[in-house]
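Each chain, letter by letter, is given below.
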Amino acid sequence: MHIRYLILFASLPFFNTAYAQMEVKDIAGEYYLEGVMEVASGFQLRDDQTFEFFFSYGALDRTGKGTWQVLGNNIVLNSEAWPGTDFKLEKQERRRQKEIIVQVNDKNKMFLGNIGGIVTGDGKVQELQSDNDGIISFAAQTPDTISLYHQFYSDSLSVFPVTDPKANYFEFTFQPHLGTVFFRNFILTPAQHGLTGGNPLMKEGKDYHYIKSE
């Protein structure tokens, strides 16, 4: 083998070690999404290995937070686990009506018009959207589960078993964490001038570039 290649290969472990040390020391900072029109998003990675995430698109704003660590050549982000529901069941009753009524209440009326609801039971599935008052009216059936999601602020269905099959009125409120983005082994990779990786609220399987703020 030519002498210059021997020198190059012999020096590689040194450069790899130096690069890893530089990552650990210098990775903290603010990183902003590049190249996606009308979307503002990014990560703040702190020296104490906590992070904050933000996402803004039009009137939609969402945030998340947690901890990060360097594993191999990647940065891995985690947060508290999603509590399991974005809604809280406040009331279920039998009322003098044929329809099944789902009512979601919140002080901010702007959130109430974008709630999806699913009722299952008797081998039937109904899926409808709330009106501007947070009301969803389903045709009569014997329900066994009610599932809810917010079209802009939920990432998973909130599923509620129905304990009284004759109940036909259900009242819910939002959980305080509605809109929070939760992270589980979310990977970013150091790249020139920043980081590459996914975005939890954008197309899966696509890598985006986050530029580090100087």
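Residues numbered from 1 in each chain as written. Predicted model: local features only at pLDDT ≥ 70, side-chain atom pairs only at ≥ 80, totals over all residues. Heavy atoms only, no water.

All right, on to the pattern of salt bridges then. With the rule as written, the count across this model stands at 4 salt bridges. Of the charged contacts, one joins Glu52 and Arg46 as a salt bridge, the two residues approaching to 2.7 Å between their closest N and O atoms. Glu52 sits in the partly exposed class, given a relative accessible area of 38%. Judged by relative accessible area, which is 28%, Arg46 ranks as partly exposed. Between Arg95 and Glu93 there is a salt bridge, and its shortest N-O distance comes to 2.8 Å. The exposure class assigned to Arg95 is partly exposed, which follows from its relative accessible area of 37%. (Salt bridge = Lys/Arg side-chain N within 4 Å of Asp/Glu carboxyl O. Buried < 20%, exposed > 50% of the residue type's maximum accessible area, 1.4 Å probe, protein only.)

A few words on the layout of surface pockets. The volume enclosed by the largest pocket comes to roughly 460 Å³. If you go around the largest pocket, you meet 26 residues; those closest to its centre are Asp155, Ser156, Phe182, Phe183 and Arg184. Among the residues making up the lining of the largest pocket, the classes are represented as 9 nonpolar, 9 polar and 8 charged. (1 Å grid on protein atoms, 1.4 Å probe; cavity = no way out; pocket = protein on both sides within 12 Å on 5 of 7 lines; lining within 4 Å. Points joined across faces, edges and corners; volume = space filled by probe spheres on them. Nonpolar A, V, L, I, M, F, W, Y, C, P; charged D, E, K, R; others polar.)

Once that is clear, we can look at the side chain of Asn168. As for its position among the elements, Asn168 is in the loop between β12 (158-161) and β13 (169-174). A relative accessible area of 8% means that Asn168 is categorised as buried. At a separation of 2.9 Å, a polar atom in the side chain of Asn168 contacts the main-chain carbonyl oxygen of Gln97. When neighbours within four sequence positions are excluded, Asn168 is seen to be in contact with Glu93, Arg94, Arg95, Gln97, Glu99, Ile100 and Ile101. (Helix = DSSP H or I, 4+ residues; strand = E, 2+ residues; numbered from the N terminus. Polar contact = N/O pair within 3.5 Å; in protein donor to acceptor, adjacent residues only side chain to side chain. Contact = heavy atoms within 4.5 Å.)

With antiparallel pairing, the 4 strands of this open sheet are ordered in space as β9-β8-β11-β12. The open sheet has two edge strands with one neighbour each: β9 (124-129) and β12. The sheet shows a mean angle of 15° between the axes of neighbouring strands, taken without regard to direction. Pairing geometry for strand β8 (residues 115-121) and strand β11 (residues 145-150), over 6 bridges, is antiparallel. The residue of β11 that forms the bridge with Gly117 is Leu148. (Pairing = 2+ DSSP bridges. Axes fitted to C-alpha atoms, helices over the stretch in contact; angles between N-to-C directions.)

Quick look at the packing of aromatic side chains now. Summed over the entire model, instances satisfying the criterion amount to 12 aromatic pairs. Residues Phe51 and Phe183 carry aromatic rings whose centres are separated by 5.1 Å and whose planes lie at 85° to one another, so their mutual orientation is edge-to-face. Of this pair, Phe51 sits in strand β3 (residues 50-57) while Phe183 sits in the loop between β13 and β14 (186-191), placing them 132 residues apart in sequence. Considered together, Phe51 and Phe183 belong to a single accessibility category, that of buried residues. One aromatic cluster is present, built from ring pairs that chain together Phe43, Phe51, Phe53, Phe183, Phe186 and Tyr210. In this arrangement the basic side chain of Arg95 is found over the ring face of Tyr169, its NZ or CZ atom lying 3.5 Å from the centre. (Phe/Tyr/Trp six-rings, centres within 6.5 Å; stacked < 30°, edge-to-face > 60°. Lys NZ or Arg CZ within 6 Å of the ring centre and 35° of its normal.)

Within the largest apolar cluster, 40 residues are counted, with the highest numbers of intra-cluster contacts made by Phe43, Leu77, Val102, Val104, Leu148 and Phe172. Excluding residues within four positions of it along the chain, Leu77 makes contact with Phe43, Phe51, Thr67, Trp68, Phe183, Arg184, Asn185, Phe186 and Leu188. (Core = buried A, V, L, I, M, F, W, Y, C linked by side-chain atoms within 4.5 Å.)

What follows deals with the pairing of strand β5 (residues 74-78). In this sheet, β5 lies alongside strand β4 (residues 60-71) in antiparallel orientation, the contact comprising 5 bridges. Within β5, the position partnered with Leu71 by the bridge is Asn74. Adjacent in sequence and paired antiparallel, β4 and β5 are bridged by 2 residues, among which Gly72 carries a positive phi angle near 65°. As judged from the 3 bridges shared by β5 and β14, these two strands associate in the antiparallel manner. Within β14, the position partnered with Val76 by the bridge is Ile187.

We now examine the sheet that holds strand β10 (residues 135-138). Reading across the sheet, the 4 strands line up as β6-β13-β7-β10 and stay open at both edges, with mixed pairing between neighbours. Two strands in the sheet have a free side with no partner beyond their single neighbour: β6 (87-93) and β10. Adjacent strand axes in the sheet meet at a mean angle of 15° when their direction is disregarded. Bridge analysis of β6 against β13 gives 6 bridges, and the strand direction is antiparallel.

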